[in-house]
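Tertiary structure, described
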Amino acid sequence: MTTLSRRDFLKMGGAAAAALAVGQFVPPSVAQAALATGQVNAQGDGEIATMCEMCVWRCGVLAKVRGGKVVKLDGNPDHPHSNGKLCPRGQAGLATTYDPDRVLSPLVRVGKRGEGKFREASWEEALDIVAWNMLEIKKKYGPEAMVFSSTHNLSQVQFENLLQAYGSPNYGTQRSLCFNAMIVANLMTYGMEEPGRSYEGVKYIILTGRNLAEAISNSETGTLIDAIDRGAKLVYIDPRFTKTAGKAAEWLPIRPGTDLALHLAFINVIISEKRYNAEFVAQYTTGFDELAASIGQYTPEWAAEKTGIPAETIRRIAQEFSDAAPNALAHNGWRTSNFVNSFQTERAITILNALVGNWGVTHLPAGGEESGALGKPPQPGYPRISALRLDGVPWKYPFVPLKLGVFQELRDNILKDDPYQAHGWFISRQNPAQSIPDRRKTLQAFAKMDFIATVDVIMNDTSWFSDVVLPEASYLERYDPLMPMGAKAFIRQPVIEPQGQAKSALWIFKQLGERLGLGDYFQYADEEDYLNQQLAPTGVSLEEVRAKGYAELPEGEAEVYKWNTPSGKIEIKSSTLEKAGFAAIPTWEEPPAPKSGEFYLLTGKDARQTQFATHNNLLLKKYDDEPRIWMNAKTASENGLVDDDLVEVTSEVGKIKVHLEVTQAIRPDCVYMTPGFGHLSMGLTTAYGLGASDSDLHISYTDPISGGQALSQTFVTVRKA
Amino acid sequence: MKLRINLHPALRLPPITWVLIPLMAIGFTVAMVRFALGIGPISNLNNTYGWGFWISFDLFTGVAISSGGFIMAGLVYILQIKEFKPLLRPSVLTAFLGYLMVAIALLVDLGHPERIWYMMVYWNHTSVLLEIGICVMSYLTVLAIEFAPVVFEGLKWEKPAHLIHKFIMPFVILGVVLSTLHQSSLGSLLLIESTKLHPLWWTPILPVMFFTSALSIGLSMIILESSLSARYFQRGLETHLLEKLARAIPYTAGTYLLLKLADLAFTGELGLLFTSGKMSLLFWAEILIGCITPIIMFSIKKVRQSPNGLLAGAVITLLGMILNRFNVSWFGIARLNDPGYAPSLVEMSISVAIFSAGILAFGLAAKYLPLFEAEEHAPATGD
Amino acid sequence: MTKQHAYLFDATRCIDCRACMIACSVENNVEMGESYIWLSGAGVMGEYPDLKRASMPYHCMHCLEPDCESACPVGAWHKREDGPVVYDASKCIGCRYCMNACPFQVPHFDWNKGIIEGAFIRKCTMCTQRLEVGQVPACVHTCPTNALVFGERADLIAEAHARIAAHPDRYINHVYGEFENGGTSYLILSHVPFTELGLPEMPETPVNAVSEAVMEGTIPFALAWGTVLSGVAIGINQMNKKKTPSSPALPPRGEGSNPPLPPVEGSGVRENGTEATK
Ligand SMILES: Nc1nc2c(c(=O)[nH]1)N[C@H]1C(S)=C(S)[C@@H](COP(=O)(O)OP(=O)(O)OC[C@H]3O[C@@H](n4cnc5c(=O)[nH]c(N)nc54)[C@H](O)[C@@H]3O)O[C@H]1N2
Ligand SMILES: Nc1nc2c(c(=O)[nH]1)N[C@H]1C(S)=C(S)[C@@H](COP(=O)(O)OP(=O)(O)OC[C@H]3O[C@@H](n4cnc5c(=O)[nH]c(N)nc54)[C@H](O)[C@@H]3O)O[C@H]1N2
Ligand code: SF4
Ligand code: SF4
Ligand code: SF4
Ligand code: SF4
Ligand code: SF4
Ligand SMILES: [Mo]
């Protein structure tokens, strides 16, 4: 791999892209294309509109290019996710593209798995190896023996296309580790995955562990701060005093896992004091009476004992919230995978909003990720799949949508061969080696595989354990399918030539599909052809989209007061849950709690890192904090620990060593770790050796309704190492 | 003490040379590393402590201890107190070498030593450092001229020696003016640090304070250098002359002390003397060692008349006043988000090397040049 | 009149994400070990559970009367009419007096560069290369919460006071930089005392006022002092000549008891009679 002086990475870039012998198409010269659309001048200097992929929010980017190199990324003011701004990760995108550790050639493992010895291979050879193994597994064990997993990205349609054409039911996504509780709760209540949130005119905001100032969603983060500035009151609920807490009028350091109790008590106050919007409730909801009948037990006094928040505070906040309604917003959260009762918590939050009639003001129906206005390449029907899914959907988890899945269960069942044995794993844009709790088990699952192939941009921990690594072109070097958003479809387009041998996912999946004999499913000549087919119904030319950054789409009028539930109303009592014998209205479930001497292990995002993906980014590292485990100052001194002590942290499933950060900003019964450190891959020369992995400690618990993992439900002991 | 031993032809190098030369070699090597790789690798200087040991020691102390030159020149040439003539040449040499050391140290310290001459070209008239730079460079030239006759005499070039002698006065006056300016400007250099330098030291009259203390330092240096020369070069100690210089120290130190107290009283900050913790301690140390002790010691005739008393008194005065230079340029300066700074041994080795070179140069000059020559023509009282 | 650019930073809006810092590094190609903008401030304050947070991105204040400019011997600094305080590396001798002079501790030095590579001073430039093409500085441009905004100094001061007036409960009633150190082009609003943001307490008179006044007096003083010294020298000389024309005069404060000897070159006779060996 290239050895570059760390200092000079920015000066490098744009290594001449070698034309490839393999495949039907050679990537078009980016500069030539940009010149044709007037985005750059003859010297190759200019600004090209594209989209960020440093996280899943996908902000609009204006990439400044100079002579074939990208030198600066600015937020695109035309894009509603960026509003002209980029978050730290978006700003640092260059350092991912020009990461000296980028994988720039297909790699084939030569040493033992996990030893990290690879040789460079041609695309032809690497793709042949992957295809041969996949065909072999299919032949020997059936297509279900091949697991496919990928985290949401713009080319995921073609990933799903590949997996469905291949015929495997086993699809692993990040979602059960992330937002299953929220999505399933919304589906049950509103019949939609996630309503849109509007901060316009909002006067009262309750964020339950939605750390918007650090777990950044660029535009939403900005809008939240605007709302606070305008005078909206923010109540922030989190065992940690996060940076969002720092912006809140009130911070409630709740006992982890008791958010449900708190929200039940809010509902109790609102119903018992008749503070709900009776008209709205009567017209648009079902099941209010059942809720009213059962909510009496959940008094603020009762909740105070569970949550540690004074009853008067709970009562007052409920009152203030209902007073502010409909300009009030109780946020569902995003990564709601905290406790096994998180699904009920999500339901309670959703219902809280419905009761006071926030619908139509702070909560609106949201457009999906797909737009009917765009076309797509023709596709034959997929083979019928009869095998059960390894992750228990739907046979064990009937309410979990197929495309969400239960990833941790998939991993566990690979280990158990339940209900059958898996033999191969094809992973794209995902790092399960770190994102699934209980890393040791994930590595064991890898070890059981006959074959693992990974599509990634760097040698992440998953690539490190793979047999073949396929280098994708970075988001600044490739096309992806268009991203529709409201009345526009935004483009991701290359702003520089792909470095080395890197290729787009669209290209890789098509190549693989062809080698698997599934060429009919990939009816696009190249990336541009794919986009042209998408644009065909709109009559907009690709050139125009490239120059402008987006295509205008005809806008469909969304009906506001319409819900896709069995009753067509907001279901306070879920008919679906009732039928299946689950609690149909939110009901208290006592979550497990740490024994004395143990701590809740909390996890959560850091504004400078994305998940398990960016720790090798030199610019992010430059401005990030040291990854240490937080402990309350008083607790630390009671335990004879001081700042920066090396401590040993032990859970039921793992043990790590990490340095201590003594802080006031956390409950005395919790510790907190930033996820994503403690990499195993030595191919990440910047990140290797930094911090420790909380995934080593996390225990897998799955919420039986939503399939969500319970990431705060791990208890640890901490002692001086 | 009056015993004199022939300096010539004792060619045997004193044993201290064998200490000095390795020290110089180490410093030289370090300096080469510094020029190749930068200041960072060899020092603990950082963005908070852009100035550290080098500036406090090489510049602030270096310039101060070279003040004997202008004092002697002023006494002998301007006030025409000819009896001090025997002390003139060594003082001028000490000053010359002192400034040369300052200049060499600055060449190591500057980011762009090769651009030192830019100071002569790009003038920023509000910069105190510019004034100091120009004064020091010019004064070094003046000192060279003042000292040139000694060299010429050593070379037996009588004519140029005479010539310089004849036109020495304007240079002497220029020298005294330049010295007055930069000795006090060294204090002005810190005026801009009004928000950082502790109020025990920061005052708009910093230049006056610096000039006053430079007088104590200069006088003490002459005493020290004469005493040591007497010991190491086995020449007569002009105790009677030194006694007279010593007599002036209580006045210079007293003026300094009075100004300091008056200034603090005037600004109503006298309380700081006791309320500033470490800073108060440093301040007291400086005042006790550099002012009060010398005032007491040198007010006692016995002390003034004893060679040991003179030497001890001079050393104490110097220590106190050098502490002052460190206080104002380092210890007393508060820095935002102070990461702390302690000079590394490697960093100090450069100063040590330059200092060693200075001592060696003085020794060589004493050996090969008629350094103590004027003595012969000067009267002396018995002691 | 040229627009006097300035920044307004509002600590109540800042989420300490540090996008501004990364943007600066990229825009200005700042090396890994260096930064023109850094995190300052207390972070978490108070004791659990009564906590507050505050921090700010700290960079050059672009003072109206810059001390770096005042101090630099070779005039490498220059306050531009449109706001930025800029540095001319081609003049710099690397003395680092600007670092010492700056009351905000802003300029940095290339500690790890030898004389071949050249060690220079580094500091925020206000992204003049962006101003030139009508863009705001990179740090401001990217700030996801608009905690940093950019514009005409007078407008921003008005805006800052308007924000305070609109939410007097939220802000400390002071716009840092309006008058500090003679006024700066980095204006700051805060909900916590400014010292908690790591800002120094500053008088309204620029810290260079005294040294500049002293410098102004230097040449007159030098001339006067030179004249006095010449006068004294001439005077004493005359006096001495008058007193004992045949021999040099006694020093005014001299002991008087020692008969002065004429300065005969090379007499070699010592008072005690010992012959000086030559
Ligand atoms: N910078 C950055 N931004 C990101 C991401 C990133 O990786 N980096 N990832 C994006 C993605 S994929 C997601 S899903 C979102 C996630 O965004 P968020 O939903 O905000 O999720 P986290 O940051 O994972 O966790 C939020 C908080 O939950 C708290 N918490 C833990 N247990 C409990 C509990 O029982 N109750 C309560 N009330 N709080 C609890 C933690 O202390 C943490 O502060 O962020 C997105 N934005
Ligand atoms: N302990 C702990 N576990 C968690 C969480 C937590 O907060 N703490 N958060 C959970 C959440 S919310 C989520 S969403 C999941 C995320 O879990 P994952 O999706 O598994 O994790 P990521 O780090 O997002 O993985 C992204 C991978 O894509 C690679 N990549 C980046 N850009 C590209 C590209 O352009 N092309 C390709 N092919 N690859 C690319 C990166 O190198 C990285 O390896 O983790 C969950 N797990
Ligand atoms: S939120 Fe940040 S990382 Fe995510 S897409 Fe936007 S700029 Fe990129
Ligand atoms: S903050 Fe410092 S560096 Fe910046 S203009 Fe002011 S004095 Fe100069
Ligand atoms: S380091 Fe350079 S810019 Fe700073 S004062 Fe010295 S010469 Fe001027
Ligand atoms: S103005 Fe430019 S140089 Fe200054 S801190 Fe901001 S981005 Fe950096
Ligand atoms: S980008 Fe804005 S919000 Fe983020 S740290 Fe900088 S000033 Fe604060
Ligand atoms: Mo997520």
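Residues numbered from 1 in each chain as written. Chains lettered and ligands numbered in written order. Predicted model: local features only at pLDDT ≥ 70, side-chain atom pairs only at ≥ 80, totals over all residues. Heavy atoms only, no water.

1. Quick notes on the packing of aromatic side chains
The description of an aromatic ring pair uses the distance of the two centres, along with the angle that the planes make with each other. All names here are of chain B. How we decide: Side-chain rings of Phe, Tyr and Trp (the six-membered ring for Trp) are treated as a pair once their centres are within 6.5 Å; stacked means planes under 30 degrees apart, edge-to-face means over 60, and tilted covers the remaining angles. Labels follow the DSSP assignment, with helices taken as runs of H or I lasting at least four residues and strands as runs of E lasting at least two, numbered in each case from the N terminus. The rule is simple: take the accessible area with a 1.4 Å probe, protein chains only, and divide by the maximum for that residue type; under 20% is buried, over 50% is exposed, in between is partly exposed.
Counted according to the given criterion, the structure contains 56 aromatic pairs over all chains. Measuring from centroid to centroid gives 6.3 Å for Phe-53 and Phe-326, while their planes differ by 55°, and the two rings are tilted. One end of the pair, Phe-53, is in helix α2 (residues 53–64); the other, Phe-326, is in helix α14 (residues 307–331), and 273 residues separate them in sequence. In this structure, Phe-53 and Phe-326 share a single accessibility class: buried. Measuring from ring centre to ring centre gives 5.2 Å for Trp-330 and Tyr-341, while their planes differ by 55°; the resulting arrangement is tilted. With Trp-330 in helix α14 and Tyr-341 in the loop between α14 and α15 (345–368), this residue pair connects regions lying eleven residues apart in the sequence. Like Tyr-341, Trp-330 is buried.

2. Some points on the pairing of strand β16 (residues 451–456) of chain A
Residues and elements named next belong to chain A. To be explicit about the condition: By the convention used here, strands pair only if DSSP detects at least 2 bridges between them.
Counting buried residues in β16 gives six out of six residues, a clear majority hidden from the surface. Residues Phe-451, Ala-453 and Val-455 of β16 are buried on one face, and the alternating residues Ile-452, Thr-454 and Asp-456, pointing to the opposite face, are buried as well. In terms of strand pairing, β16 meets strand β17 (residues 468–471) through four bridges, oriented parallel. Residue Ala-453 lies in a different strand from β17, and its bridge partner there is Val-468.

3. Points about the interface of chain B and chain C
The test is simple: When checking whether two residues touch, look at their non-hydrogen atoms; a contact exists if any pair is within 4.5 Å. When two components associate, each loses some accessible surface as probed by a 1.4 Å sphere; the sum of these losses over both components is called the buried area. Each reported salt bridge corresponds to a side-chain nitrogen of Lys or Arg within 4 Å of a carboxyl oxygen of Asp or Glu. Under the rule applied, a polar contact is a pair of N or O atoms within 3.5 Å (in protein, one hydrogen donor and one hydrogen acceptor; residues adjacent in sequence only if both atoms are side-chain atoms).
In this assembly, 68 residues from chain B lie in contact with 79 residues from chain C. When the two sides are added together, the surface that chain B and chain C hide from each other amounts to roughly 6300 Å², 58% of it contributed by carbon and sulfur. In this structure, the connection of chain B to chain C is made through one salt bridge. Of the charged contacts in the structure, one is a salt bridge between Asp-109 of chain B and Arg-96 of chain C, with a shortest N-O distance of 2.9 Å. Inspection of the chain B/chain C interface yields 32 residue pairs in polar contact (both at pLDDT 80 or more). Mapped by element, the contributors of at least two residues to the side of chain B that touches chain C are α1 (17–37), α5 (118–121), α6 (128–154), α8 (168–188) and α10 (239–266) of chain B.

4. Side note on the packing of α6 of chain B against α8 of chain B
All names here are of chain B. Rules: Structural elements are reduced to axes, namely lines fitted to C-alpha atoms, with helices fitted over the stretch in contact, and the angle between N-to-C directions of any two is expressed from 0 to 180 degrees. Should the near helix be turned anticlockwise from the far one by less than a right angle, the crossing is left-handed, and should it be turned clockwise, the crossing is right-handed. Only Asp, Glu, Lys and Arg are considered charged in this grouping, and only Ala, Val, Leu, Ile, Met, Phe, Trp, Tyr, Cys and Pro are considered nonpolar; every other residue, Gly among them, is considered polar.
The contact between α6 and α8 brings their axes to 8 Å, and the two run at 150°. Remark: the crossing between α6 and α8 carries left-handed chirality. On α8, the residues that touch Val-128, Glu-131, Ile-132, Cys-135, Val-136, Ser-138, Tyr-139, Val-142, Ile-145 and Glu-146 of α6 are Ile-168, Phe-171, Val-172, Leu-174, Gly-175, Leu-178, Ser-179, Leu-181, His-182, Ser-185, Leu-186 and Ser-188. Looking at the contact of α6 with α8, its residues break down into 14 nonpolar, six polar and two charged.

5. A short note on the site of ligand 7
So the rule is basically this: For each residue, the test is whether any non-hydrogen atom lies within 4 Å of the molecule or strand; if one does, the residue is near.
Around ligand 7 there are 14 residues in total, and Cys-14, Cys-17, Arg-18, Cys-20 and Cys-143 of chain C lie nearest to it. Of the residues contributing to the shell around ligand 7, the split by class is eleven nonpolar, one polar and two charged.

6. Considering the pattern of salt bridges
On inspection of all chains with the given rule, the structure shows 72 salt bridges over all chains. Among the ionic pairs, Arg-170 of chain C bridges to Asp-229 of chain A, the shortest N-O distance being 2.6 Å. With Arg-170 of chain C in the loop between α6 (153–166) and β9 (186–189) and Asp-229 of chain A in helix α8 (residues 218–230), this residue pair bridges two chains. Notably, a salt bridge pairs Arg-667 of chain A with Asp-669 of chain A, separated by 2.9 Å at the nearest N-O pair.

7. Quick word on the sheet that holds β9 of chain C
Residues and elements named next belong to chain C. As summarised here, the arrangement of the three strands in space is β8-β1-β9, forming an open sheet in which the pairing is mixed. Edge positions in the sheet fall to β8 (148–152) and β9, since each has one partner strand and no second. Each strand axis lies, on average, 25° off the axis of its neighbour in the sheet, ignoring direction. Bridge analysis of strand β1 (residues 5–10) against β9 gives four bridges, and the strand direction is parallel. When the sheet's bridge partners are listed, Leu-8 is paired in β9 with Leu-187.

8. Description of the confidence of the model for chain A
In plain terms, the rule: pLDDT gives the predictor's per-residue confidence on a scale running from 0 to 100.
Summing up the model confidence of chain A, the mean pLDDT is 94 and the portion of residues at 70 or higher is 96%. In this model, residues 1–27 of chain A is a region of pLDDT below 50 whose contacts with residues beyond four sequence positions or in other chains number 64 contacts.

9. Regarding the interface of chain C and chain A
Contacts between the two partners involve 45 residues from chain C, matched on the other side by 52 residues from chain A. Across the chain C/chain A interface, buried area totals approximately 3800 Å², and carbon plus sulfur atoms make up 55% of it. On the chain C side of the contact with chain A, Met-32, Tyr-48 and Arg-53 of chain C bury the most area, a combined 21% of that side's loss. Seen at the junction of chain C and chain A, the total is six salt bridges. The closest approach of N and O atoms between Arg-13 of chain C and Asp-226 of chain A, which form a salt bridge, is 2.3 Å. Along the contact surface separating chain C from chain A lie 28 residue pairs in polar contact (both at pLDDT 80 or more). Elements with a contribution of two residues or more to the side of chain C that touches chain A: α1 (19–27), β2 (38–47), β3 (50–58) and α5 (138–142) of chain C.

10. Focus: the nonpolar core
Formally: Buried Ala, Val, Leu, Ile, Met, Phe, Trp, Tyr and Cys residues form a nonpolar core when they are joined through side-chain atoms within 4.5 Å.
Judged by nonpolar contacts, the single largest core of 212 residues is most densely connected at Val-70 of chain A, Leu-189 and Leu-245 of chain B together with Ile-188 of chain C. Per-element tally for this core: the top contributor is α6 of chain B, with 15 residues. In this structure Ile-188 of chain C touches Leu-8, Phe-9, Met-56, Met-61, His-174, Val-175, Tyr-176, Phe-194, Leu-197 and Leu-199 of chain C, once residues within four positions along its chain are discounted. Ala-121, Tyr-479, Ala-489 and Leu-516 of chain A belong to the second-largest nonpolar core, a separate cluster that totals 49 residues.

11. What about unusual backbone geometry?
Omega for the peptide link from Ala-325 of chain A to Pro-326 of chain A comes to 5°, which places this bond in the cis form. Within the secondary structure, Pro-326 of chain A sits in the loop between α13 (311–324) and β13 (328–331). That bond from Asp-418 of chain A to Pro-419 of chain A is cis: its omega, 5°, falls within 30 degrees of zero. Summarising the element assignment, Pro-419 of chain A is placed in the loop between α15 (407–416) and β15 (424–428). Phi is positive for Cys-127 of chain C, which is not a glycine, with a value near 50°. Structurally, the position occupied by Cys-127 of chain C is in the loop between β7 (121–122) and α4 (128–132).

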